[in-house]
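# Observations on the model geometry
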Amino acid sequence: MEKTPVLVLAPLPDFLMEPLRAAHVCHDYFHAEDKDALLANVGAHIRGIVMAGHSMSPVALLEKLPKLEIISVFGVGYDGVPVDWCRAHGIRVTNTPDVLTEDVADTASALVLMTSRRLISANRYLHAGSWTQGPFPLAHALRGKLAGIVGLGRIGKAIAQRLEAHGMRVAYHGRARQEVSWEYFESLIELAKTADFLIVACPGGAGTKHLINAQVLEALGAKGTLINIARGSVVDEMALIAALQSGTIRGAGLDVFENEPLVPQALMQCENAVLLPHLSSGTHETRRAMAGLVVGNLAAYFDGKTLLTPVC
Ligand code: 8YV
């Protein structure tokens, strides 16, 4: 069978590129020096796009691909895809839900532990030889503290279960109340006022841009820590830096940033922030399972079968 031409918008691991190349002619848009020339050459033939959760496929690009039929996202978040536009133009979109839920939730609960117990600072303290000069300062316990989860989807629920195992109480904010035992806060500000940890687990995109702003951080206050494993766009990063610098909030644990992989110098200098390079789904097991879904969705589509994990 003839290989279908696809455009690759992100740097992808070999274990994904190999099966992709076996079934498709892959055009590397991400690394192309002259992207316009690449589109002028192959744009008219492209039938599929493969991209990461945090990469973008703007309408201006999609309009240059008249034969595009499917976008397969290597990630659960598809905020980089104009889904309504795709739906209107009959372009299918797929993502990689479920297989990464546990790893992302593990990372969120690790960030809660690292910030509350100041484990990264303690590690630096020992490496610097400071232990001989005295014990590391006391930190804060988790038990009895309130975890306020913003966005109680599959990942939010997995985070809640883990934090309950640490003896924490759980409450949540989202678009609607759910059939769960955890307390629902219709108001994000009220949740922030009450929470010891505000944990962002909602989708990114225009609807949640800067949902966590200066006012929410003010409400979280000096007892509070912000955790974000969702999308950098959900948090107003400048307001967060100001809140960390002034002590308006106690600390932050972040796996995602507004302009990845660039992280503002001022944020990197905040001692009260634990910063990770967007790795929450970054395990061999999970990334391979995600790769399987990306390839499987494309194969299903081009074989005329039901998509494994359709968005639209
Ligand atoms: C990945 C993600 O970092 O699933 C998502 O939405 O952002 C992450 O799991 C990414 O898509 C893989 O490059």
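Residues numbered from 1 in each chain as written. Predicted model: local features only at pLDDT ≥ 70, side-chain atom pairs only at ≥ 80, totals over all residues. Heavy atoms only, no water.

### As for the site of the ligand
- Around the ligand lies a shell of 13 residues, among which Gly53, Phe74, Val76, Arg231 and Ser281 are the nearest.
- A distance of 2.6 Å separates an oxygen atom of the ligand from a polar backbone atom of phenylalanine 74.
- Between histidine 278 and the ligand, the recorded distance is 2.9 Å, taken from a side-chain N or O atom to an oxygen atom.
- Among the residues making up the shell around the ligand, the classes are represented as 5 nonpolar, 6 polar and 2 charged. (Near = heavy atom within 4 Å. Polar contact = N/O pair within 3.5 Å; in protein donor to acceptor, adjacent residues only side chain to side chain. Nonpolar A, V, L, I, M, F, W, Y, C, P; charged D, E, K, R; others polar.)

### Examining helix 2 (residues 35-42)
- All of the buried residues in helix 2 are Leu38, Leu39 and Val42. Buried residues in helix 2, looked at end-on, bunch into an arc of 95°, giving them a common side. What points out from helix 2, more than 90 degrees from its buried face, is the exposed set Asp36, Ala40 and Asn41.
- Elements in contact with the buried residues of helix 2: strand 1 (4-8), strand 2 (24-28) and helix 3 (59-62).
- Looking at where helix 2 begins, the residue whose side-chain oxygen comes 3.4 Å from the main-chain nitrogen of aspartate 36 is aspartate 34. (Buried < 20%, exposed > 50% of the residue type's maximum accessible area, 1.4 Å probe, protein only. Helix = DSSP H or I, 4+ residues; strand = E, 2+ residues; numbered from the N terminus. Arc of directions from axis to C-beta. Contact = heavy atoms within 4.5 Å.)

### Topic: the domain arrangement of the protein chain
- In terms of domain boundaries, the protein chain breaks down into domain 1 (4-99 + 285-302) and domain 2 (101-275).
- Using only C-alpha atoms to locate each centre, domain 1 and domain 2 end up separated by 31 Å.
- At the interface, 9 residues of domain 1 touch 8 residues of domain 2.
- Carbon and sulfur atoms make up 39% of the surface buried where domain 1 meets domain 2, a total of about 640 Å² over both sides.
- Linking domain 1 with domain 2 are 2 salt bridges, by the criterion used here.
- Here arginine 154 makes a salt bridge to aspartate 98, at a shortest N to O gap of 3.3 Å.
- Our enumeration of links across domain 1 and domain 2 arrives at 5 residue pairs in polar contact (both at pLDDT 80 or more).
- Looking at side-chain class alone, the side of domain 1 that touches domain 2 contains 3 nonpolar, 4 polar and 2 charged residues. (Domains from an automatic or database assignment. Buried area = accessible area lost by both parts, 1.4 Å probe. Salt bridge = Lys/Arg side-chain N within 4 Å of Asp/Glu carboxyl O.)

### Things to note about the layout of surface pockets
- Taken as a whole, the second largest pocket spans an internal volume of roughly 300 Å³.
- Taken together, 22 residues form the lining of the second largest pocket, with Thr115, Ser116, Arg118, Arg250 and Gly251 sitting closest to its centre.
- Going through the elements one at a time, helix 5 (101-116), helix 6 (119-127) and strand 12 (273-275) are the ones with two or more residues in the lining of the second largest pocket.
- Here the lining of the second largest pocket is built from residues that sort into 8 nonpolar, 7 polar and 7 charged. (1 Å grid on protein atoms, 1.4 Å probe; cavity = no way out; pocket = protein on both sides within 12 Å on 5 of 7 lines; lining within 4 Å. Points joined across faces, edges and corners; volume = space filled by probe spheres on them.)

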